[in-house]
Amino acid sequence: MQGARVLMQRALRINPTSQDLWIQNFCLELHFIQKLRGRKEILQGTTSQNNDDDEKTTDYTSGKIPIIVYKNAIDNIPEDIAFRM
């Protein structure tokens, strides 16, 4: 995953106005979160209880990174309203 992020960030530095790159970066982060949540569910079992561990989620599983990617995409492509939706 780290290698994919580095490659994607390098591509975005070279071409910050590419909508396709921003969309793929957003999808990459969403898939990573989905993968982590799936692993957590498998490791904890299907009878997951709400305890203090659920409140202490990391930036990865809480969904903050895709939100940051979305905001950066909007900052780099401000003139395209359709891209925001």
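What you see is a predicted model, and the numbers here were worked out from it, not measured in a lab.

(A) Representation of the overall build of the chain within the structure. When you go through the chain residue by residue, the secondary structure sums to six helices and zero strands. Listing the helices and strands of the chain from first to last along the sequence gives α-α-α-α-α-α. Taking all 85 residues of the chain together, 20% fall into the buried category. Residue pairs at least 24 apart in sequence account for 71% of intrachain contacts in the chain once pairs closer than 6 positions are excluded. Split by element, the accessible area of the chain, about 6600 Å² in all, is 55% carbon and sulfur.

(B) Inspection of helix α2 (residues 19–44) at higher detail. The end-to-end C-alpha separation of α2 is 38 Å, in line with the 38 Å expected for 26 residues at 1.5 Å each. Along α2, the positions that sit buried rather than exposed are Trp22, Asn25, Glu29, Phe32 and Ile33. Of the residues trailing α2, Gly45 is marked for its positive phi of about 90°.

(C) Up close: the packing of aromatic side chains. Tallied over the full model, the rule gives zero aromatic pairs. Sitting above the plane of the Phe32 ring, Arg5 keeps its charged end 4.9 Å from the centroid.

What counts and what doesn't
For every chain, the first residue of the written sequence is number 1, and numbering continues from 1 onward in sequence order. Only residues with pLDDT of at least 70 are given local features in this predicted model, and only at 80 or more are side-chain atom pairs given and counted; all residues enter the totals for whole chains, interfaces and linings. In computing side-chain values, all of the structure's heavy atoms are included and hydrogens and water are not. A helix here means a DSSP run of H or I that spans at least four residues, while a strand means a run of E at least two residues long, and both kinds are numbered starting from the N terminus. Only protein chains enter the accessibility calculation, which uses a 1.4 Å probe. A residue is then buried if its area is under 20% of the maximum for its type, exposed if over 50%, and partly exposed in between. Note on definitions: a residue-residue contact is assigned when non-hydrogen atoms from the two residues lie within 4.5 Å. To be clear on the numbers: accessible area is Shrake-Rupley with a 1.4 Å probe, and residue cover counts the displayed protein chains and nothing else. Multiplying 1.5 Å by the helix residue count minus one yields the expected span of that helix. Between the rings of Phe, Tyr and Trp (Trp by its six-membered ring), a pair exists once the centres lie within 6.5 Å; its type follows the angle of the planes, with under 30 degrees stacked, over 60 edge-to-face, and the other angles tilted. Geometrically, a lysine NZ or arginine CZ counts as sitting over a ring once it is within 6 Å of the ring centre and also within 35 degrees of the ring normal.

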